[in-house]
Amino acid sequence: MPRLTDARKELRRTQIAEAAVRCFSRNGLERTSIADITAESGLSAGSIYAHYRNKADLIRVTAREVLAKRADVLGEYAAADAPPDPDELLSRLCAAIDPAEARVGVQTWGEATTNPAVQDIVVDMTDRMRAMLHDCLTAWLVKVEHEEPALARERAAPIAHRVMALYQAELLYTALRTPTEETP
């Protein structure tokens, strides 16, 4: 059997992760099996296990991939000549919420209350997201509001905390109001 190239491996991992998000969104984390993900992705169980150790590994990867998308966007905002103010930042983040990802995120938060491995993932992802918001808001305070960097970092912390809380509230609202049938 021919070996997969690195690019092909990455495409296959993405295909599996996207299928997992659809299954988790539709069925829930607990009720989704590797067999469900196999059927959704059109791949064999062997192929899935060649890329992921287990369902927990898939949960971790999907959470990180969602965060990576937000990291790319927040990095672009922070690097801009005029980064968005807190209201605009929150508005842009909320506009980019995918209902399926919101449902999986909320389920992951719930699972984190009883599963230490998932709790570690959620705490890590939340801390990273808050840090990225903090960096973006610091850039706004320095570049737009013309504050000194040290003062800007200090002032950005509580703002980032509030933006994060409002963003999480919107994720929850989106997860609860969007029927699973609407998800592609």
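You'll find the structure just up there.
Report on the accompanying structure. Here the structure is a predicted model, which is why all the values come from computation and not from measurement. (Residues numbered from 1 in each chain as written. Predicted model: local features only at pLDDT ≥ 70, side-chain atom pairs only at ≥ 80, totals over all residues. Heavy atoms only, no water.)

**Side note on the overall build of the protein**
Item 1. In terms of regular secondary structure, the protein is built from 8 helices and 0 strands.
Item 2. For the protein, the N- to C-terminal ordering of α and β elements is α-α-α-α-α-α-α-α.
Item 3. Overall size of the protein, expressed as C-alpha extent along the three principal axes, is 60 × 40 × 30 Å.
Item 4. Considering the protein as a whole, with its 184 residues, one finds that 40% of them fall into the buried category.
Item 5. Taking all contacts inside the protein whose residues are at least 6 apart in sequence as the whole, residues at least 24 apart take part in 68%.
Item 6. In the form shown here, the protein has an accessible surface area of approximately 10,200 Å², with 55% of it arising from carbon and sulfur atoms.
Item 7. Across the protein, 23 positive and 28 negative side-chain charges occur, with their mean positions spaced 7 Å apart. (Helix = DSSP H or I, 4+ residues; strand = E, 2+ residues; numbered from the N terminus. Buried < 20%, exposed > 50% of the residue type's maximum accessible area, 1.4 Å probe, protein only. Contact = heavy atoms within 4.5 Å. Areas by Shrake-Rupley, 256 points an atom, 1.4 Å probe, with all protein chains shown as cover. Lys, Arg positive; Asp, Glu negative; His and termini not counted. Charge placed at Lys NZ, Arg CZ, Asp CG, Glu CD.)

**Regarding the nonpolar core**
It is characteristic of soluble globular proteins that their nonpolar side chains tend to be buried jointly.
Item 1. Leu74, Leu89, Leu93, Met129, Leu133, Leu137 and Tyr167 are the most contacted members of the largest nonpolar core, which totals 28 residues.
Item 2. Within the residue set of this core, elements represented by two or more residues are α4 (55–79), α5 (86–95), α7 (116–143) and α8 (149–177).
Item 3. Considering each element in turn, this core owes the most residues, 10 residues, to α7.
Item 4. Once you skip the residues sitting within four places of it in the chain, leucine 133 turns out to touch Leu74, Leu89, Leu93, Ala160, Val163 and Met164.
Item 5. Cys23, Leu29, Ile34 and Ala100 belong to the second-largest nonpolar core, a separate cluster that totals 18 residues. (Core = buried A, V, L, I, M, F, W, Y, C linked by side-chain atoms within 4.5 Å.)

**Quick notes on the pattern of salt bridges**
Item 1. Within the structure shown, the criterion is met by 9 salt bridges.
Item 2. Note that arginine 60 is salt-bridged to aspartate 57, the shortest N-O span being 2.4 Å. On the criterion of helical spacing, the pair formed by arginine 60 and aspartate 57 is a turn pair, its members being 3 residues apart in helix α4.
Item 3. Note that aspartate 135 is salt-bridged to arginine 153, the shortest N-O span being 3.4 Å. In this pair, aspartate 135 is assigned in helix α7 and arginine 153 in helix α8, connecting sequence segments 18 residues apart.
Item 4. Note on aspartate 135: relative accessible area 40%, which makes it partly exposed.
Item 5. You can call arginine 153 partly exposed: its relative accessible area is 40%.
Item 6. A single network of salt bridges, built from pairs that share partners, joins Arg22, Arg26 and Glu40. (Salt bridge = Lys/Arg side-chain N within 4 Å of Asp/Glu carboxyl O.)

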